[in-house]
Amino acid sequence: MAVVLPVYETFSYSVPAHLSDQARPGMRVLVPFGRRTVTGYLIGPDRQTDSREIKQILDVLDDSPLFPETMIPFFQWIASYYMHPPGLVVNTALPAGLNMTDIAVLTIDENGIQALASSSTGPVEKSILAALSEGPASIKQLQKKIGRPVPWALIHRMRQRKWLLLDRRIEGGRIRPKTIRMVALEKSENFSRRLSRQRRAICDILKAEGDLSVPALKKRIPTAATLVRGMQKAGQVAVYEKTISRDPFGDPIEPDTTPRLTGEQTRAVRQMAPLLGRGFKTVLLAGVTGSGKTEVYLRLTRAAISKKMQVLVLVPEIGLISQTERRFRARFGERVAVLHSGLSRGERYDQWLRIVKEEAAIAIGARSCIFAPFTDVGLIIVDEEHDSSYKQETGLRYNARDLAVVRGRHHKALVILGSATPSVQSWHNVTIGKYDLATLSKRINRQPLPEIRTVDLSLSRDERGIQRYITPQLQKEIRNTLDEGNQALIFLNRRGFSAFPICAHCGQALRCKNCDISLTLHKKANAFRCHYCGFTKAATSACPSCGSEDIKLLGMGTEKVQEAMVQLFPDARVARMDRDTMNRKGAIVRLLKDLKHRRIDILVGTQMVAKGHDFPGITLVGVVCADLTLNFPDFRSGERTFQLLAQVAGRAGRGEHPGKVVLQTFNPDHFTIGAAKNQDFKKFFDQEISFRKALAYPPFSRMVAVRISGKDPQKTAEMAGKIGTNGRRMLANAGPGGSRVKLMGPIEAPLARIANRHRWQLLISSPDVAGLHRLVHELMQGPNSVATGRDIRVSVDVDPFFLM
DNA sequence: AGCACGCCGACT
DNA sequence: GTCGGCGTGCTC
């Protein structure tokens, strides 16, 4: 049994006789744990280590398992690989809002009121009593009310003096199946006697149409609710509760007709379909933007369900239902369950139940859909496998793309990873023969890929701030596009962080000589610094490649670009799409509608616009400054830039008019820019992989990032230092076996402060996964591990994505 | 996490 | 001498 607490062990409990035929793996139980009562998950028997007394389960919380037993090894693998408590792993997988915990509730007691009035009562006690005199409160509520932490010792003293009472209340678990009241005709003769006209009408409706819900009856006869109650008493009808699924599907989706496949698509399907049911296999489906990957997924899914297999489809998170989801539902209708962030908690729970009960055979959704509770998955599809939204960045920091492969192996399933711009990792796996490769090299409508032109920003000498970045070439193209009545997309990945240094003369970014990573300016230290190894260079340094002292700090955002657009094109309707403008519910849908109906001429946006949406009216894509992502202090910045540019370029010319892309950059000769310009993934990969190999970055090693954060800058730095020295000592003691493990840092994180918390990170890497794992495990949980104080958080990120 | 225990400095 | 703060450890 695994408790829903940050505890790494599992525990044994006995099942009392009256619950013994109910309790089964996959169910939740209520158990006494220490002095408390908490929820746990039955994940099979565990070895009991010592002779301690075994406690009894208090209750079984489910009638049927929430997940199949076959998923338990998967959960255990995750707990071990990501070094996360098993109970919290299961908790991350399950729909939110199910769990129960007991919490302490304080009430003012008989002596409390006098103590509140007495002058000898301490100030903290008084404020607690004052807060409680307004009514009972939990410890957390109390803390909020009086604005300071409440020590337990104090509560105990106050309890002993009978100033307050401590109760335990079980909270949570409020998500339940939704039920509806159904009305059925009684078979007895009770209603054969005379009936009122209204009652007669209800009987007739029920006789003709079978059982109906109360709301449905109300639509026919407005007073049905009262009538039914009377008829129930008279024994003419019976009322029962029926569980129903909350409807997460807004507009109904029309069934589609199956299109003809192109030759390439047919070949891809013929290559992959025979692999179904033949054991575990991973295939990378590399298909250019618009090449019809989705149709291939649909055919493979059809093949899988005709073999009675269950299918899992993962799509990137885009904040609303994706095009792919829509097409799966159009093709397979009722057999599809969806799991994405747009669902309410209740809807999500109902979709989950549909999968557990095997009412659905296909589950489609974002990242967390990898946990869909199928018993035996036969096919797993990961669309846009390179997408960073598959990586969860809080709590259990899993990568759903990687877990797809792991789950595929557990179920002996076929795993398809699809992308127009595959990750370096996946392509590497193809080159070493771990994955098969299937390709789609042409767009289905024979539309050519857009023509991409680069514009050298270092030749743009205008110094009037942002306007320097809207070059005459870009302006001219926008003007032409507007004059032709088409739409333009202006892309800038602003989610910028601190500005980074770049030579205004030759376009070289200032990089670390050890890590080939962009340096970051530290104003306080008046120096550029590497965030991997700590290498430092004076802030007054000249450009190492051309000697120019004209070092610019790049930093600007979409908001400024939008302003510039309004100024330059006063006749155009300009809109912006980024996290700042799109956080309100329904904002994206409204914007996409406006775009579709040509109520927007120029759309300025961040990478949000590069994802998944189909914009048929857009013929021009302008990339304001490709260098922003290229020079992040992160070894994957080149990979991300290539993917982003290729994806955003793929937005142009999806309709009947061919597309054009203007790509502005300080580095027109950089191989990443060159490869993106020619949409040449292989050329990019060949360069990138040699660079990764030389510096022993993934995929030639595995990485673990240990992140340390806290409010107090001094203490946080100290803790980071302590963990670092601890790790180095362990490495020294490990002998030759541990020598392949490399430890970098600790160093202040590129984003040195988020939400007032100071951040440090420690990077640990090794080509030997097991050795790396052993060291990190020992460092975090071993006997010499540094105890994590309460105000300093230490988190482990296995296979980190963003090293920021 | 949530709770208890036990060790220390600063007060009656 | 106790009170009350905080670091350390445990939960079948």
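Calculation notes
- Residues numbered from 1 in each chain as written.
- Chains lettered and ligands numbered in written order.
- Predicted model: local features only at pLDDT ≥ 70, side-chain atom pairs only at ≥ 80, totals over all residues.
- Heavy atoms only, no water.
- Salt bridge = Lys/Arg side-chain N within 4 Å of Asp/Glu carboxyl O.
- Pairing = 2+ DSSP bridges.
- Helix = DSSP H or I, 4+ residues; strand = E, 2+ residues; numbered from the N terminus.
- Contact = heavy atoms within 4.5 Å.
- Axes fitted to C-alpha atoms, helices over the stretch in contact; angles between N-to-C directions.
- Patch = residues over 30% accessible without salt bridge, like charges linked within 9 Å, V, L, I, M, F, W, Y side chains within 5 Å.
- Areas by Shrake-Rupley, 256 points an atom, 1.4 Å probe, with all protein chains shown as cover.
- Lys, Arg positive; Asp, Glu negative; His and termini not counted.
- Charge placed at Lys NZ, Arg CZ, Asp CG, Glu CD.
- Buried < 20%, exposed > 50% of the residue type's maximum accessible area, 1.4 Å probe, protein only.
- Domains from an automatic or database assignment.
- Arc of directions from axis to C-beta.
- Right-handed = clockwise from strand over helix to strand, strands pointing away.
- Polar contact = N/O pair within 3.5 Å; in protein donor to acceptor, adjacent residues only side chain to side chain.
- Core = buried A, V, L, I, M, F, W, Y, C linked by side-chain atoms within 4.5 Å.
- Phe/Tyr/Trp six-rings, centres within 6.5 Å; stacked < 30°, edge-to-face > 60°.

**Some remarks on the pattern of salt bridges**
1) Next: As enumerated under the stated definition, the model contains 24 salt bridges in all.
2) Next: Here R397 makes a salt bridge to E393, at a shortest N to O gap of 3.4 Å.
3) Next: By sharing partners, the salt bridges in this structure join K391, E393, R397, R707 and D797 into a single network.

**Overview of the sheet that holds strand β10 (residues 237-244)**
1) Next: Spatial ordering of the open sheet is given by β9-β8-β10, a layout of three strands whose pairing is antiparallel. Because the sheet does not close on itself, it has two edges, and the strands there are β9 (212-213) and β10.
2) Next: By the bridge criterion, eight bridges tie strand β8 (residues 178-185) to β10 in an arrangement that is antiparallel. By the bridge assignment, M182 is partnered in β10 with Y240.
3) Next: Docked against the sheet, helix α7 (residues 197-209) engages β8, β9 and β10, running at close to 100 degrees with respect to β8.

**A few points about a positive patch on the surface**
1) Next: On the surface, a cluster of positive charge is contributed by R181, K218, R229 and K233.
2) Next: The residue K233 is located in helix α9 (residues 224-233) in this model.
3) Next: Exposure remark for K233: the relative accessible area of 81% places this residue in the exposed category.

**Topic: the domain arrangement of chain A**
1) Next: Segmentation of chain A into domains returns domain 1 (2-92), domain 2 (102-172), domain 3 (178-244), domain 4 (264-440), domain 5 (451-495 + 557-689) and domain 6 (702-798).
2) Next: The C-alpha centroid of domain 5 is placed 60 Å from the C-alpha centroid of domain 3.

**Remarks on helix α4 (residues 123-132)**
1) Next: Along α4, the positions that sit buried rather than exposed are E125, I128, L129, A131 and L132. Looking straight down α4, one finds that the buried residues subtend no more than 160 degrees of arc, so they occupy a single side.

**Remarks on the pairing of strand β13 (residues 336-339)**
1) Next: Here β13 shows a buried face lined by V336 and V338 and a second buried face lined by A337 and L339.
2) Next: Summarising the sheet, β13 and strand β14 (residues 362-365) pair through four bridges and their orientation is parallel. Bridging from a neighbouring strand, L339 pairs with G365 of β14.
3) Next: Following the backbone out of β13, through helix α13 (residues 345-356) and into the adjacent parallel β14, one traces a crossover that is right-handed.

**Notes on the environment of F642**
1) Next: Structurally, F642 can be placed in helix α20 (residues 637-649).
2) Next: Residue class for F642 comes out buried when judged on its relative accessible area of 2%.
3) Next: C-alpha separation for the pair F642 and A626, spaced 16 residues apart in sequence, amounts to 9.4 Å.
4) Next: Discounting residues that sit within four places of it in the chain, F642 has contacts with T421, T672, A675, A676, D680, F681 and F684.

**With respect to the side chain of S701**
1) Next: With respect to the helices and strands, S701 occurs in the loop between α22 (681-694) and β29 (702-710).
2) Next: On the accessibility criterion, S701 (5% relative accessible area) is buried.
3) Next: There is a polar contact of 2.8 Å between the side chain of S701 and the backbone oxygen of A696.
4) Next: For S701, the residues in contact, after removing those within four places along its chain, are A696, S765, S766 and P767.

**Structural notes on the nonpolar core**
1) Next: Grouped together as the largest cluster of nonpolar side chains are 113 residues, with contacts concentrated most on F67, I370, F371, L603 and I764.
2) Next: Take this core: its biggest share by element is six residues, from helix α1 (residues 72-81).
3) Next: V313, F328, A361 and I416 belong to the second largest nonpolar core, which has 32 residues in total.

**Quick look at the packing of aromatic side chains**
1) Next: Tallied over the entire structure, the rule returns 18 aromatic pairs.
2) Next: Relative to F332, the ring of F328 has its centre 6.0 Å away and its plane inclined at 40 degrees; by these criteria the two rings are tilted. In this pair, F328 and F332 both sit in helix α12 (residues 323-332), four residues apart, roughly one turn of the helix.
3) Next: Residue classification places F332 among the buried residues on the basis of a relative accessible area of 5%.
4) Next: Relative to F681, the ring of W427 lies with its centre 5.0 Å away and its plane at 70 degrees, an arrangement referred to as edge-to-face.

**Focus: the sheet that holds strand β19 (residues 487-491)**
1) Next: Sheet architecture is open: six strands sit in the order β18-β28-β27-β19-β26-β25, paired in parallel fashion. Edge strands, defined here as strands with exactly one partner in the open sheet, are β18 (451-456) and β25 (574-577). When strand polarity is set aside, the average angle formed by the axes of neighbouring strands in this sheet is 20 degrees.
2) Next: Pairing geometry for β19 and strand β26 (residues 602-605), over four bridges, is parallel. Among the inter-strand pairings, F491 is bridged to a residue of β26, identified as G605.
3) Next: Packing against the sheet, helix α17 (residues 558-568) makes contact with β19, β25 and β26, and its axis sits at approximately 170 degrees to β25.

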